[in-house]
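Descriptive structure summary
Here is what each chain is made of, one letter per residue.
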Amino acid sequence: MNENTSASTTVSRCDATSCRFNSDQNCTAGQIEISMSAGSAQCLTFSPSTDAQGNQPSAQQ
């Protein structure tokens, strides 16, 4: 019998200073998705705070 369970955890610190969800090393995203890549955790929710021209993105994706 498979049980559908969900786990909750807290991001204690975010070092992605160029992410639009980073506010003083705190993640402000409503939820995040993480994957493993080459033995390291990778945040799939990362969204740059500015585009290549230095402008803030107009809408959250």
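A brief structural summary. A quick note: this is a predicted structure, and the numbers were derived from the prediction, not measured. (Residues numbered from 1 in each chain as written. Predicted model: local features only at pLDDT ≥ 70, side-chain atom pairs only at ≥ 80, totals over all residues. Heavy atoms only, no water.)

1. A short note on the pairing of strand 4 (residues 40-43)
As a reminder of what qualifies: Strands were regarded as paired on the criterion that DSSP finds at least two bridges between them. Each helix corresponds to a stretch of at least 4 residues labelled H or I by DSSP, and each strand to a stretch of at least 2 residues labelled E; elements are numbered beginning at the N terminus.
As defined by bridge partners, strand 3 (residues 34-37) adjoins strand 4 across 4 bridges and the pair is classed as antiparallel. Among the inter-strand pairings, I34 is bridged to a residue of strand 4, identified as C43. Adjacent in sequence and paired antiparallel, strand 3 and strand 4 are bridged by 2 residues, among which A38 carries a positive phi angle near 55 degrees.

2. Focus: the environment of C43
Operational definition: It only takes one pair of heavy atoms within 4.5 Å for two residues to be counted as in contact.
Topologically, C43 is positioned in strand 4. Discounting chain neighbours no more than four positions away, the residues touching C43 are E33 and I34.

3. Details of the side chain of N22
The condition that has to hold: Nitrogen and oxygen atoms within 3.5 Å of one another constitute a polar contact, given that in protein one can donate a hydrogen and the other can accept it, and given that sequence-neighbouring residues count only through two side-chain atoms.
Along the chain, N22 turns up in strand 1 (residues 22-23). For N22, the side chain forms a polar contact with the main-chain oxygen of C14, separated by 3.1 Å. Once residues lying within four places of it in the same chain are set aside, the contact partners of N22 are C14, D15, A16 and T17.

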